[in-house]
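Listed below are the residues making up each chain.
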Amino acid sequence: MDIGVTVGDTVERLEATANDFTFAELSIGEASYVPADASDSHLRTVLESVDAELCVHLPFDQVVATPVPQLNDAIVDYLTDLLDWAGTLGARKAVLHGTMRDPHDTGQRRVFANQLSAIARAGDDAGVELVVENVGHQARGLPLSVLGDIARETGTAVCFDVGHAYMEDENDGIDRFLGEYAELVSHLHVHDVRGRGDTHLPIGAGEVDYGLVAEFLQNFDGTVAVEVFTDDVPLLRDSADRVRNHLE
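Residues numbered from 1 in each chain as written. Predicted model: local features only at pLDDT ≥ 70, side-chain atom pairs only at ≥ 80, totals over all residues. Heavy atoms only, no water.

Thoughts on the packing of aromatic side chains
Considering all chains together, one arrives at three aromatic pairs under this definition. Ring geometry for Phe-160 against Phe-177: centres 5.0 Å apart, planes inclined by 5°, an arrangement best described as stacked. Residue Phe-160 is found in strand S6 (residues 157–161), and its partner Phe-177 is found in helix H6 (residues 162–181); the two are separated by 17 residues along the sequence. Judged on exposure class, the residue Phe-160 and its partner Phe-177 are both buried. Relative to Tyr-181, the ring of Phe-177 lies with its centre 4.9 Å away and its plane at 40°, an arrangement referred to as tilted. Here Tyr-181 and Phe-177 lie together in helix H6, a separation of four residues that amounts to about one turn. Residues Phe-177 and Tyr-181 agree in their burial class; the two are buried. (Phe/Tyr/Trp six-rings, centres within 6.5 Å; stacked < 30°, edge-to-face > 60°. Helix = DSSP H or I, 4+ residues; strand = E, 2+ residues; numbered from the N terminus. Buried < 20%, exposed > 50% of the residue type's maximum accessible area, 1.4 Å probe, protein only.)

Structural data, given as structure tokens:
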């Protein structure tokens, strides 16, 4: 199990927080970190200085599927460009939110599956593993079970965001998803959540039962990204230690 840290969209936060973590997960595209030759050189230098590998998070606002074929083709083309770029930096994984224009339109779920397959193939070609993330608590996010079924059908690995699953259906959602789809999980986003809406808290500060995660993912051999929204490195390391104690 390799433990890393999400660093948002800035190389500065990567430099400030990623030391002593195996990898840093950088948000790219649109309003996030935009690949460019000059800044890429700085990114490479910083990754070497903190001795961390790279994972990336593909654009948050871009849905995967719409009812318009031309838009869908453009989405695949755009994400392919980003995956190709990530491959040149040796990125291990790329996280993609499981979203569509209307996630409750069952007739469009086949379109989502086709889009997901095409994007995953682009990742394979670039040498980057695509992992699709559960965001069913968001307006455009596919429900947990639907995402799991499509991921299994298409052979796509899952980024299981423990906090997002809690926000969608509390600890029962975590239990049900991992009970059915744990074998698909290659990447984890870990943080804590409170029912009143506080999220991305240090592990132990909220209501998520990480014992449930351990029940299904003991001896997890994938990657784990600490997604706690702070630059306080001791807090980040504490969350990393807590999840390590649960899963090793």
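Some thoughts on the pattern of salt bridges
By the definition in use, this model includes 13 salt bridges. Of the charged contacts, one joins Lys-93 and Glu-129 as a salt bridge, the two residues approaching to 3.7 Å between their closest N and O atoms. Residue Lys-93 is located in strand S4 (residues 93–97), and its partner Glu-129 is located in strand S5 (residues 129–133); the two are separated by 36 residues in the primary sequence. Residue classification places Lys-93 among the buried positions, given a relative accessible area of 7%. (Salt bridge = Lys/Arg side-chain N within 4 Å of Asp/Glu carboxyl O.)

Details of the layout of surface pockets
Its boundaries defined by the atoms lining it, the largest pocket holds a volume of some 200 Å³. Ser-27, Phe-60, His-200, Glu-227 and Phe-229 are, among the 16 residues lining the largest pocket, the residues nearest its centre. Among the elements that take part in the lining of the largest pocket, strand S2 (residues 23–27) stands out by supplying three residues, more than any other. Residues that form the lining of the largest pocket fall into these classes: three nonpolar, nine polar and four charged. (1 Å grid on protein atoms, 1.4 Å probe; cavity = no way out; pocket = protein on both sides within 12 Å on 5 of 7 lines; lining within 4 Å. Points joined across faces, edges and corners; volume = space filled by probe spheres on them. Nonpolar A, V, L, I, M, F, W, Y, C, P; charged D, E, K, R; others polar.)

Details of the nonpolar core
In terms of nonpolar packing, the biggest core is built from 80 residues, with Phe-112, Phe-160, Ile-174 and Leu-188 touching the most fellow members. Here this core gets eight residues from one element, more than from any other, and that element is helix H4 (residues 109–126). Filtering out sequence-adjacent residues up to four positions away, Leu-188 remains in contact with Phe-160, Val-162, Leu-217, Phe-220, Thr-223, Val-224, Ala-225 and Leu-247. (Core = buried A, V, L, I, M, F, W, Y, C linked by side-chain atoms within 4.5 Å. Contact = heavy atoms within 4.5 Å.)

Here's the deal with unusual backbone geometry
With a phi angle near 50°, Glu-170 is a residue other than glycine that sits in the positive phi range. Within the secondary structure, Glu-170 is located in helix H6.

Overview of the sheet that holds strand S8 (residues 223–226)
The strand order S1-S2-S3-S4-S5-S6-S7-S8 describes a closed barrel built from eight strands, whose pairing is parallel. Geometrically, the sheet is characterised by an average inter-axis angle of 25° between neighbouring strands, direction not taken into account. Both S4 and S5 contribute to a ladder of five bridges, which runs parallel. The residue bridging Ala-94 from the neighbouring strand is Leu-130, located in S5. Where H6 meets the sheet, it contacts S5, S6 and strand S7 (185–190), and its direction lies at approximately 135° from that of S6. (Pairing = 2+ DSSP bridges. Axes fitted to C-alpha atoms, helices over the stretch in contact; angles between N-to-C directions.)

Structural notes on a negative patch on the surface
A grouping of Asp-73, Asp-77, Asp-81, Asp-84, Asp-124 and Asp-125 is seen on the molecular surface, where their side chains present a negatively charged patch. Tallying contributions element by element places helix H3 (residues 69–88) first for the negative patch, with four residues. Mapped onto the secondary structure, Asp-77 falls in helix H3. (Patch = residues over 30% accessible without salt bridge, like charges linked within 9 Å, V, L, I, M, F, W, Y side chains within 5 Å. Areas by Shrake-Rupley, 256 points an atom, 1.4 Å probe, with all protein chains shown as cover. Lys, Arg positive; Asp, Glu negative; His and termini not counted. Charge placed at Lys NZ, Arg CZ, Asp CG, Glu CD.)

Focus: the pairing of S5
With respect to burial, S5 is a largely interior element, four of its five residues being buried. As a crossover connection, the stretch from S4 through H4 into S5 is right-handed. In this structure, S5 lies alongside S6, joined through three bridges in parallel fashion. Considered in S6, the bridge of Glu-133 is made with Cys-159. Running through helix H5 (residues 144–154), the crossover from S5 to the neighbouring parallel element S6 is right-handed. (Right-handed = clockwise from strand over helix to strand, strands pointing away.)

Note that all results are geometric; they support no functional claim without further evidence.
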